[in-house]
Amino acid sequence: MSYPDGRLNLGTLKGVSSVVGPHGVGASPNDKKSKNKFIRGKKKSIFENYMSKEDVSEGLKRGTLIQGVLRINPKKFHEAFIPSPDGDRDIFIDGIVARNRALNGDLVVVKLLPEEQWKVIKPESSDKETEGAYESDLPEEICGSHLQQSLKGHKDSPDVIIEAQFDDSDSEDGRGNTQNVLVDDIKKLSVSVHEKDEETEAQRSYLACPVSYRKLVKTDAGAPSAKVESTSMAQDTRASPERSLQRSAKVVYIVEKKHSRAATGFIKLLADKNSELFRKYALFSPSDHRVPRIYVPLKDCPQDFMTRPKDYANTLFICRIVDWKEDSNFALGQLAKSLGQAGEIEPETEGILTEYGVDFSDFSSEVLECLPQNLPWTIPPEEFSKRRDLRKDCVFTIDPSTARDLDDALSCKLLADGNTYEVGVHIADVSYFVPEGSELDQVAAQRATSVYLVQKVIPMLPRALCEELCSLNPMTDKLTFSVIWTLTSEGKILSEWFGRTIICSCTKLSYEHAQSMIESPTKTIPEQELPPISAEHTVEEVHQAVLNLHRIAKELRKQRFLDGALRLDQLKLAFTLDYETGLPQGCHIYEYRDSNKLVEEFMLLANMAVAHKIYRAYPERALLRRHPPPQTKMLNDLEEFCDQMGLSMDFTSSGALNKSITEIFGDDKYSLARKEVLTSMCSRPMQMALYFCSGMLQDQEQFRHYALNVPLYTHFTSPIRRFADVMVHRLLAATLGYRAVPDVEPSVLQKQADHCNDRRMAAKRVHELSTSLFFAILVKESGPLESEAMVMGVLNQAFDVLVLRYGVQKRIYCNALPLRSHHFRKVGKKPVLTLVWDPEDMEQEPVQQVITIFSLVEVVLRAEAAALKYSAILKRPGTEDLLGLQDKEECDCDHDHEQED
């Protein structure tokens, strides 16, 4: 089965003309007729022709060419990078011409430039803006998995609370543990998001995992490239020992156009009214500066656009690039549709979905015909003879209170010996309802994942499956695939069983319900405080099962981290939406508690158990999930930075790093803020976790999952929303003899895995942008918002901060502040930026403020007038330091702070 690359084919939408001409897209600025009138009368190639496939293949084999995914810096769109195959500093691609029409995310082949054209790196330079190039290509495992949301559609409730629903099967992604001290005064309004345009990095989080399937293998933490680049070039870099070179290259071939070639933005008339182009084309300016400006035929534009262009100044359009010739700075595109007014939730959301190639169309009749037609559906009698009947067992779900797609349930019963437990993880048997090769299967494979926005979900499967047929709703017989262990109370696995089952969940617990049971182990919880429980089971029985699971989960978790797991925490966000308008009324940090951890541990355990099972059966065809170790150069640079800052960090392994982060700081507010900053820094060297086919990698050491520190891992526990899990279910079914051995080549499985990786990354980015959109609206409606912030990085003329009350990262620019002057210097290798404020009273002396990493400052978040963006402004320093220290110089000295901590 082959899958598309995720690109969106907008086609010809209603009201948009089809353009046909000499180049397949009609009256192109590149036509022969306009050749002499385009680009100021001269027609010469701007970009190089791409190399042939044969030459590229030969160059890759000989090592003269390098392949990688292109990342374009969102702050400096002329700068781009691809990862270095040897884990060293990224390869630099300078300028649009060197990029050769490739877009962000494309898989490209580059050729190194002569050494005299390489980029000069000056370690003394503090301008790390190129770090922003990583903003849209970060692994979900590092960034924190997307927050699932389910809408609470009760009309009797004026507000809709969109909860942060964690992907419990996937805690490798970093279930951020809410840091209660830090958020004590955040409860009313706080978030953890990553800003699209100005953050140096997405806030990221990590996690590591279970135990009984862990083989302790010593690994080097290896480590990646530092991103401390300077824009200057030097004639002789060897003359200065403090300078180094960054390899630079140019794109010579695009292997796969993974960027959708679709963009949202605005149209305007061309500047030169006398040119022939003016009468044929408008100029489309994408909101994302990494996408080039695009010529669009005027016939695609609204009829009155030429006469009333200002009427459309704030109208968002979708445009798709259809051509980009070697002789044109601008691409040629086709306007697809008008989205509506910029700054409104739905137009902006549709634009985000389109740019990232998310299919949000309704499911076709052919797809829906694959579903059971005779409703209400009941389990066929023959299934009972094929499955283990667990309907009498005390099985229940634990999910956010608003969740509708319940794909995992738990059970736990004490065995007759009084010392061991039978613990079950029961997962919706989605593969039963998705016949392989069917229209439904093909659409699910193409979508690959559900996409979670703040206000809604774009499902991978039709809602009839997500919310009814597959969802493990209470007091209803359901088909499941189960992993059942015999465990001691210490979490030691004595035996395990895999198989298809039938369950009947006795109740639907929320995380809050389970948490109340954990916090009140001896108290009988009143029935009115709990959801309905089936007559076959009691509140006490469910309560005891939750307590037993909690006790075992604590032991599993403890052993997991002793065995070397890593977790990089991140704050998570939940919005409260107005039911009538859909606008955010407020937001709060989602608190990650013991009930979340309980579910997390058993989902991780199931994923590891299934990984071992399918790999033993099909060592060439197992669909697994690996996480490479951090990039060597970047990790080495981070270690050097920590040494300079007096932070005793051990980067030799995932477990050592986790121990360092856990133990290095205290639990006061200032220490926790520093921990947040350091966690963000530690996330940057981490690489992307990837699905892969085991037969495509020769070295089994590459199978390992660095953050979880386990040899084998996969995804099994969320088949309603991840197609990779459906594939794993089919493999497990074949392993157990339920179906034929899969007749598919490893290369085909790898192609499917690659597509799942691409769509998972796109879904993560869409979620981040949706979160940023809603927070920007909140700032616009409720701002300006004030908060303390901690400095994360210092540049020549700006600095990055973590805004503590809201969990967001922002960049503050010196030229936006009422400063008399600002001065940058290095103290040793530590960057220091001194701000000299104009006095409010002319008779007063100017106020100096010293900015270093880990400094505390006061900031104001305020909306920007033109668009749904917000910026941070530094408040003028007061007479007392934020830390309450009397001596200004002492306050500005980070070494003193480190000694105090």
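See the structure above.
Calculation criteria
Residues numbered from 1 in each chain as written. Predicted model: local features only at pLDDT ≥ 70, side-chain atom pairs only at ≥ 80, totals over all residues. Heavy atoms only, no water. Helix = DSSP H or I, 4+ residues; strand = E, 2+ residues; numbered from the N terminus. Buried < 20%, exposed > 50% of the residue type's maximum accessible area, 1.4 Å probe, protein only. Phe/Tyr/Trp six-rings, centres within 6.5 Å; stacked < 30°, edge-to-face > 60°. Lys NZ or Arg CZ within 6 Å of the ring centre and 35° of its normal. Axes fitted to C-alpha atoms, helices over the stretch in contact; angles between N-to-C directions. Parallel < 35°, antiparallel > 145°, perpendicular 65-115°, else oblique. Left-handed = near helix turned anticlockwise from the far one by under 90°. Contact = heavy atoms within 4.5 Å. Nonpolar A, V, L, I, M, F, W, Y, C, P; charged D, E, K, R; others polar. Expected span 1.5 Å × (residues − 1). Polar contact = N/O pair within 3.5 Å; in protein donor to acceptor, adjacent residues only side chain to side chain. Salt bridge = Lys/Arg side-chain N within 4 Å of Asp/Glu carboxyl O. Pairing = 2+ DSSP bridges. Core = buried A, V, L, I, M, F, W, Y, C linked by side-chain atoms within 4.5 Å.

Draft legend 1. Inspection of unusual backbone geometry at higher detail. For the bond running from Leu375 to Pro376, omega is 0°, close enough to zero to count as cis. Of note, Pro376 is situated in the loop between helix H6 (365-368) and helix H7 (381-386). Of note in the backbone geometry, Arg101 takes a positive phi value of approximately 75° without being a glycine. With respect to the helices and strands, Arg101 occurs in the loop between helix H2 (96-99) and strand S5 (107-112). Overall, the relative accessible area of 7% leaves Arg101 in the buried class. Phi angles above zero are rare outside glycine, and Ala448 is one such case at about 70°. Locating Ala448 in the fold gives a position in the loop between helix H8 (439-447) and strand S19 (451-452).

Draft legend 2. Main features of the packing of aromatic side chains. In this structure the tally under the stated criterion is 15 aromatic pairs. An angle of 45° between the planes, with centres 5.5 Å apart, marks the rings of Phe81 and Phe92 as tilted. One end of the pair, Phe81, is in strand S3 (residues 79-82); the other, Phe92, is in strand S4 (residues 91-94), with 11 residues separating them in the sequence. The class for Phe81 is buried, based on a relative accessible area of 1%. Geometrically, the ring pair formed by Phe305 and Tyr312 is edge-to-face, given 6.2 Å between the ring centres and 70° between the ring planes. Using a relative accessible area of 1% as the deciding quantity, one classes Phe305 as buried. Residue classification places Tyr312 among the buried positions, given a relative accessible area of 16%. Of the aromatic side chains, those joined through ring pairs into one cluster are Tyr281, Tyr295 and Phe330. Over the ring of Phe363 we find Arg447; its NZ or CZ atom is 4.1 Å from the centre of that ring.

Draft legend 3. Inspection of the packing of helix H14 (residues 654-663) against helix H15 (residues 669-683) at higher detail. Viewed as axis vectors pointing N to C, H14 and H15 meet at an angle of 160°, and their least axial separation amounts to 10 Å. As judged from the angle between their axes, H14 and H15 are roughly antiparallel. Seen from above, H14 lies across H15 with right-handed handedness. On H15, the residues that touch Leu657, Ile661 and Thr662 of H14 are Lys675, Thr679 and Cys682. Broken down by class, the residue content of the contact of H14 with H15 amounts to 3 nonpolar, 2 polar and 1 charged.

Draft legend 4. The arrangement of the environment of Ala262 in detail. Residue placement: Ala262 occurs in strand S10 (residues 262-269). A C-alpha to C-alpha distance of 7.9 Å links Ala262 and Tyr356, two positions 94 residues apart in sequence.

Draft legend 5. Highlighting helix H16 (residues 723-735). The terminal C-alpha atoms of H16 lie 19 Å apart, and with 13 residues this matches the ideal 18 Å at 1.5 Å per residue to within 8%. When we look at burial in H16, the residues that qualify are Phe723, Ala724, Asp725, Val726, Met727, Val728, His729, Arg730, Leu731, Leu732, Ala733 and Ala734. Phi for Gly737, located one or two positions after H16, is positive at around 85°.

Draft legend 6. Looking closely at the environment of Gln687. By the element assignment, Gln687 lies in the loop between H15 and strand S27 (690-693). In this structure Gln687 comes out as partly exposed when scored by relative accessible area, which is 28%. Residues Gln687 and Pro630, 57 residues apart in the sequence, show an inter-C-alpha distance of 5.7 Å. A polar side-chain atom of Gln687 sits 2.7 Å from the main-chain carbonyl oxygen of Pro629.

Draft legend 7. Molecular detail of helix H5 (residues 345-355). Counting buried residues along H5, 10 of its 11 residues qualify, which places the element largely inside the surrounding structure. Of all the residues in H5, the buried ones are Ile345, Pro347, Glu348, Thr349, Glu350, Gly351, Ile352, Leu353, Thr354 and Glu355. Its buried side turned inward, H5 meets S10, strand S13 (315-323), strand S14 (331-341), S19, strand S20 (457-458) and helix H17 (746-782). Downstream of H5 by a residue or two, Gly357 has a phi angle that is positive, lying close to 65°.

Draft legend 8. Structural context of the pattern of salt bridges. Taken as a whole and judged by the stated rule, the model has 39 salt bridges. Across the pair Arg820 and Asp838 runs a salt bridge, and its minimum N-O distance is 3.1 Å. Placement of Arg820 in strand S31 (residues 819-827) and of Asp838 in the loop between strand S32 (830-837) and strand S33 (847-851) is noted, with a sequence separation of 18 residues between them. A relative accessible area of 28% places Asp838 in the partly exposed class. Several salt bridges converge on common partners, so that one network encompasses Glu383, Lys386, Arg387, Asp429 and Arg500.

Draft legend 9. Geometry of the sheet that holds strand S2 (residues 71-72). A sheet is described by the order of its strands in space; here 3 strands give the open sequence S2-S3-S4, paired in antiparallel fashion. Of all the strands in the sheet, the pair left with one neighbour each is S2 and S4. Of the pairings in the sheet, the one linking S2 to S3 comprises 2 bridges and is antiparallel in character. For Arg71, the partnering residue across the bridge sits in S3 and is Phe81.

Draft legend 10. Spatial organisation of the nonpolar core. Counting 101 residues, the largest nonpolar core has Phe396 and Phe602 as its most contacted members. For this core, the element with the highest residue contribution is helix H12 (residues 594-617), accounting for 13 residues. Leu773, Leu785, Phe799 and Leu856 belong to the second largest nonpolar core, which has 67 residues in total.

Draft legend 11. Representation of the side chain of Arg500 within the structure. Its place among the elements puts Arg500 in strand S22 (residues 493-504). Accessibility expressed as a relative area gives 18% for Arg500, which makes it buried.

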